[in-house]
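So the chains spell out like this:
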Amino acid sequence: MVEVTATPRSSLADRPVQVQVRGLAPSQLVTLRASLTDEQGECFQARAFFRADKAGEVDPGRHAALGGSYAGVWPMGLFWFLQPDALFRRLVKRDVAGSPFVVRLEVFDGLRLVTGPQDQPLASCEAERWYVGPGMQRVPIREGRVRGALFLPP
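Residues numbered from 1 in each chain as written. Predicted model: local features only at pLDDT ≥ 70, side-chain atom pairs only at ≥ 80, totals over all residues. Heavy atoms only, no water.

A.B. asks: So what's going on with the pattern of salt bridges? Residues and values would help.
C.D. replies: All chains considered together, the criterion is met by 10 salt bridges. Residue Arg33 is joined to Glu106 by a salt bridge in which the shortest nitrogen-to-oxygen separation is 2.3 Å. A residue pair is termed long-range when its members are at least 10 positions apart, and Arg33 in strand E4 (residues 29–37) and Glu106 in strand E8 (residues 101–109) qualify at 73 residues. Looking at Glu106, the relative accessible area reads 6%, which means it is buried. We note a salt bridge from Arg62 to Glu57, for which the minimum N-O separation is 3.8 Å. Judged by its relative accessible area of 24%, Glu57 is partly exposed. (Salt bridge = Lys/Arg side-chain N within 4 Å of Asp/Glu carboxyl O. Helix = DSSP H or I, 4+ residues; strand = E, 2+ residues; numbered from the N terminus. Buried < 20%, exposed > 50% of the residue type's maximum accessible area, 1.4 Å probe, protein only.)

Laid out in structure tokens, this is it:
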């Protein structure tokens, strides 16, 4: 049975996440895809093609991506190379304290440039990416023409 995991499942956005796929056939070609929908409803995706090792595993931190959104060994490549489905959109977190970005990680059999609703992943999981740690206090700043926020630790 194929399994994809993200460790830790919930973390701050600047912390590394280890993505691993297990249960593949040795040398099996797969597509690993990360996707998220932002607060405006815009979809962002990254994908990378991998060949499983002899143990039937894929680890972007150890194995080089053969292509897709990036190539080579990039442990956080699926997160760093997220691109919008629509042109001229940016991935911006507006509500940094209220909710995380939820990144869905999916593994598909073979090399998939495009995946449709009919394409079922072999396995999937989700990773939460928070922008503010627990207990942080947000203080709005309004002084003259200056606008901002001060984040105070607990």
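A.B. asks: Give a detailed account of the nonpolar core, specifying residues and quantitative values.
C.D. replies: Side chains of nonpolar character tend, in soluble globular proteins, to be buried together. Formed by 30 residues in total, the largest nonpolar core has its most connected members in Val21, Leu32, Phe50, Phe79 and Leu105. Only strand E1 (3–7), strand E3 (18–22), E4, strand E5 (43–51), helix H1 (77–80), E8 and strand E9 (123–130) provide two or more residues apiece to this core. With sequence-adjacent residues up to four places away left out, Leu105 is seen in contact with Val4, Ala6, Val19, Arg33, Ala34, Leu78, Phe79, Ala123, Ser124 and Cys125. (Core = buried A, V, L, I, M, F, W, Y, C linked by side-chain atoms within 4.5 Å. Contact = heavy atoms within 4.5 Å.)

A.B. asks: Got a sec to walk through a nonpolar patch on the surface? Specific residues and values, please.
C.D. replies: On the surface, a cluster of nonpolar side chains totalling about 300 Å² of accessible area is made up of Ile141, Val146, Leu150 and Leu152. With three residues, the single largest contributor to the nonpolar patch is strand E11 (residues 146–152). With respect to the helices and strands, the residue Leu150 is situated in strand E11. (Patch = residues over 30% accessible without salt bridge, like charges linked within 9 Å, V, L, I, M, F, W, Y side chains within 5 Å. Areas by Shrake-Rupley, 256 points an atom, 1.4 Å probe, with all protein chains shown as cover.)

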